[in-house]
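# Working through the structure, step by step
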Amino acid sequence: MDEFIGAWVARHSATRDQLLPLLHAIQKEAGYIDDAWVPSVAKALNLSRADVHGVITFYHDYRRAPAGRHVVKLCRAESCQARGGAAIEAAVVRRLGVPLGQTRADGQVSLEPVYCLGLCAIGPNALVDGRPVARIDNAVLDRIAAEIAA
Ligand code: FES
């Protein structure tokens, strides 16, 4: 990853305002940002390791480990909660066999929280591999589970 970081900084600039774009580029390239790459990022942008680590851990969209083959992002915000989100969350966790915030041991699916998808009136909602899925109930969950298993 050192080579990628060096080449990226050479094409852009080695200034602290480049931290977010560089982290996005690393995640796009590798699929996640390994903790072992933090010192190289910090050195390239003249930041402390704590600065870089703090940004990576603050933003939920930065991954610190590879995602599963499928990614389900379940909305946990207020409107979806008010529309039965807690029961759906329990059903999704049970059905997909993975706790929220984790990747299943077989690597088939990651289940992640997200906080509002802008579809509040038709919740509870999720993103399945980037595609919005609304009004999640047991029938919709059956379709999601089948898609994940395929
Ligand atoms: S609260 Fe779930 S989409 Fe807005």
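Residues numbered from 1 in each chain as written. Predicted model: local features only at pLDDT ≥ 70, side-chain atom pairs only at ≥ 80, totals over all residues. Heavy atoms only, no water.

## Some words on the overall build of the protein chain
As a reminder of what qualifies: Strands are runs of DSSP state E lasting at least two residues, helices are runs of H or I lasting at least four, and both sets are numbered from the N terminus onward. A 1.4 Å probe rolled over the protein chains alone gives each residue an accessible area, and that area as a share of the maximum for its type sets the label: buried under 20%, exposed over 50%, partly exposed in between. Residues are treated as being in contact if the distance between any of their heavy atoms lies within 4.5 Å. Values of accessible area rely on a 1.4 Å probe in the Shrake-Rupley scheme; residue burial ignores everything except the protein chains shown. By the counting rule applied here, Lys and Arg register as positive and Asp and Glu as negative, while His and the ends of each chain are not counted. Charge placement uses NZ in Lys and CZ in Arg. For Asp and Glu, CG and CD serve respectively.
When its secondary structure is counted, the protein chain shows 6 helices and 5 strands. Over its C-alpha atoms, taken along the principal directions, the protein chain stretches across nearly 50 × 30 × 25 Å. For the protein chain, the residues scored as buried account for 39% of the 150 residues in total. If you take every contact in the protein chain between residues at least 6 apart in sequence, the share linking residues at least 24 apart comes to 58%. As displayed, the protein chain has an accessible area near 8,300 Å², and 53% of this comes from carbon and sulfur atoms. Within the protein chain, one finds 17 positive and 16 negative side-chain charges whose respective centroids are separated by 4 Å.

## Comments concerning the sheet that holds strand E2 (residues 102–103)
Quick reminder of the rule: A strand pair is defined by DSSP finding two or more bridges across the two strands. Axis definition: a line fitted to C-alpha atoms, limited for helices to the stretch in contact. Angles are taken between N-to-C directions and run from 0 to 180 degrees.
The strand order across the open sheet built from 5 strands is E2-E3-E1-E4-E5, with neighbouring strands paired in mixed fashion. Edge positions in the open sheet fall to E2 and strand E5 (131–133), since each of these has one partner strand only. The pairing of strand E4 (residues 126–128) with E5 spans 3 bridges and is classified as antiparallel. Within E5, the residue paired with Val 128 across the bridge is Arg 131. The strands touched by helix H5 (residues 78–96) are strand E1 (70–75) and strand E3 (109–114); relative to E1, the strand with the most contacts, the crossing angle is about 150°. Of the strands in this sheet, E1, E3, E4 and E5 touch helix H6 (residues 138–149), which is tilted by about 155° from E1.

## Notes on the domain arrangement of the protein chain
Basically, it comes down to this: Domain start and stop positions are those given by an automatic or database domain assignment.
One can read the domain layout of the protein chain as domain 1 (2–58) and domain 2 (70–149). Each of domain 1 and domain 2 has a C-alpha centre, and these two points are 30 Å apart.

## Focus: the nonpolar core
Test applied: The nonpolar core is taken to be a set of buried Ala, Val, Leu, Ile, Met, Phe, Trp, Tyr and Cys residues, with the residues joined through side-chain atoms within 4.5 Å.
Counting 20 residues, the largest nonpolar core has Leu 19, Leu 22, Leu 23, Val 41 and Val 52 as its most contacted members. Elements supplying a minimum of two residues to this core: helix H1 (2–11), helix H2 (19–30), helix H3 (38–45) and helix H4 (49–58). Counting residues per element, this core draws most heavily on H2, which supplies 5 residues. In this structure Val 41 touches Ile 5, Leu 19, Leu 22, Leu 23, Ile 26 and Val 52, once residues within four positions along its chain are discounted. Of all hydrophobic cores here, the second largest spans 18 residues; its members include Val 72, Leu 111, Leu 141 and Ile 144.

## Quick word on H3
Every buried residue of H3 is listed here: Val 38, Ser 40, Val 41, Ala 42 and Leu 45. Summarising the contacts, the buried residues of H3 are in contact with H1, H2 and H4. Phi for Asn 46, located one or two positions after H3, is positive at around 55°.

## A closer look at the side chain of Lys 73
Stated precisely, the cut-off is as follows: Pairing of N or O atoms within 3.5 Å defines a polar contact, subject to two protein rules: one partner must be a possible hydrogen donor and the other a possible acceptor, and residues neighboring in sequence count only if both atoms are side-chain atoms.
Summarising the element assignment, Lys 73 is placed in strand E1. Separated by 3.3 Å, the side chains of Lys 73 and Asp 61 make a polar contact. Setting aside residues up to four positions removed in sequence, Lys 73 forms contacts with Asp 61, Arg 63, Glu 112, Val 114, Asn 125, Ala 126 and Leu 127.

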